[in-house]
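Spelled out, the chains give:
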Amino acid sequence: MTSSGVVARRCLLMLLLACLPPLQSSGTAGEPRFNETELKAAYLYNFAYFVTWPTTHKEFLFCSYANSPVTGVLAKLIEGEHVNDLPMQMVIDPIPEQLHECQVIYIPAQQERILAATLEFVRPFPVLTVSDITDFEHRGGMIRLANDGLRVQPVIQLKNVTRTGLTISSKLLRSSRLIE
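Residue indices follow the written sequence of each chain, beginning from 1 at its first position. The model is predicted, so local features are restricted to residues of pLDDT at least 70 and side-chain atom pairs to those at 80 or more, both for listing and for counting; the totals for chains, interfaces and linings are taken over all residues. Side-chain descriptors were evaluated using all non-hydrogen atoms of the structure, hydrogens and water having been removed beforehand.

**Comments concerning the side chain of D132**
By definition, any uninterrupted DSSP run of H or I lasting at least four residues is a helix, any uninterrupted run of E lasting at least two residues is a strand, and each is numbered from the N terminus. By secondary structure assignment, the location of D132 is in the loop between strand 7 (128-131) and strand 8 (143-148). In protein, a polar contact requires one atom able to donate a hydrogen and another able to accept it; more generally it is a pair of N or O atoms within 3.5 Å, and residues adjacent in sequence count only if both atoms are side-chain atoms. Here Y106 takes part through its side chain, which lies 3.0 Å from a polar atom of the side chain of D132. Within polar-contact distance, the side chain of D132 engages the backbone nitrogen of A109 at 2.8 Å.

In structure tokens, the structure reads:
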């Protein structure tokens, strides 16, 4: 992708997040329309910029179970991208030994069967866990991407985030629903 294409993509993603509170998939005539999958992928991408991890890594790893539609869009968004000088990479279906190396783990709803085991395994590590599974934030997860009709909004369980040393920017906190 050309450098102007990368800049345009990054601007679009930052614009999406700046349009908070909750991102909507339908706009008025002339406005871009984004589907739920694209909105969730944009949130996942932008979490890399609005969350601070206490440890440093050689690369920024997004990990996901199953090659879901959200994962596919996210993989295209991060291709060739960097955050804090770290190249962004996608790992699909990580093995348990890889999970602690991930900065973000996305567990799509169709993979609910592995939820408890995955959350238990990464519990002691600074890994941001994200899902669209109902009640994810009450089951040990950190951020649920809630779909309310045409909107997608992060629901953040603050105690699950802070116990691992992660810090979420005030901009993301203001645009999210918080659970304490």
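After that view of the structure, there is still more to cover.
**Re the packing of aromatic side chains**
Pairing of aromatic side chains requires ring centres within 6.5 Å, counting the rings of Phe and Tyr and the six-membered ring of Trp. Pairs whose planes differ by under 30 degrees are stacked, by over 60 edge-to-face, and all others tilted. This structure, assessed with the given rule, holds four aromatic pairs. Linked through ring pairs, W53, F60 and F62 together constitute an aromatic cluster.

**Comments concerning the pattern of salt bridges**
Between Lys or Arg on one side and Asp or Glu on the other, a salt bridge is scored when a side-chain nitrogen of the former is within 4 Å of a carboxyl oxygen of the latter. Under the criterion given, the structure shown has four salt bridges. Among the ionic pairs, D132 bridges to K40, the shortest N-O distance being 2.9 Å. Residue D132 is found in the loop between strand 7 and strand 8, and its partner K40 is found in helix 2 (residues 36-50); the two are separated by 92 residues along the sequence. Pair check on accessibility: D132 and K40 agree, each one buried. Here R144 makes a salt bridge to E137, at a shortest N to O gap of 2.7 Å. Partly exposed residues are those whose accessible area sits between 20% and 50% of the maximum for their type, while under 20% is buried and over 50% is exposed, using a 1.4 Å probe and protein chains only. Of the residues examined, R144 reaches a relative accessible area of 15% and is grouped as buried. One salt-bridge network, held together by shared partners, links E36, K40 and D132.

**A look at the environment of R123**
Here R123 shows up in the loop between helix 4 (115-122) and strand 7. The spacing of R123 and H100 is 23 residues in sequence and 9.2 Å in space, taken between C-alpha atoms. Among residues more than four places away in sequence, those in contact with R123 are R163 and T164. Between two residues, a contact is recorded if the distance between any of their heavy atoms is within 4.5 Å.

**Quick look at unusual backbone geometry**
For residues besides glycine, phi is generally negative; the peptide bonds are generally trans as well. A positive phi is found at D85, a non-glycine position, where the angle reads about 65 degrees. Positionally, D85 belongs in the loop between strand 4 (82-83) and strand 5 (86-92). The exposed category is assigned to D85, whose relative accessible area is 73%. We note that D135 has phi near 60 degrees; this positive angle belongs to a residue other than glycine. Relative to the assigned elements, D135 resides in the loop between strand 7 and strand 8.

**Focus: the pairing of strand 9 (residues 151-157)**
Counting buried residues along strand 9, six of its seven residues qualify, which places the element largely inside the surrounding structure. Two strands are said to pair when DSSP picks up at least two bridges between them. When strand 8 meets strand 9, the two strands line up antiparallel, connected through six bridges. Bridge pairing links I143 to I156 in strand 9. Two successive antiparallel strands, strand 8 and strand 9, enclose a turn made up of two residues, where G149 displays a positive phi of approximately 70 degrees. In this sheet, strand 11 (residues 177-179) lies alongside strand 9 in parallel orientation, the contact comprising three bridges. Considered in strand 11, the bridge of Q157 is made with I179.

This is a description of form; function is not addressed.
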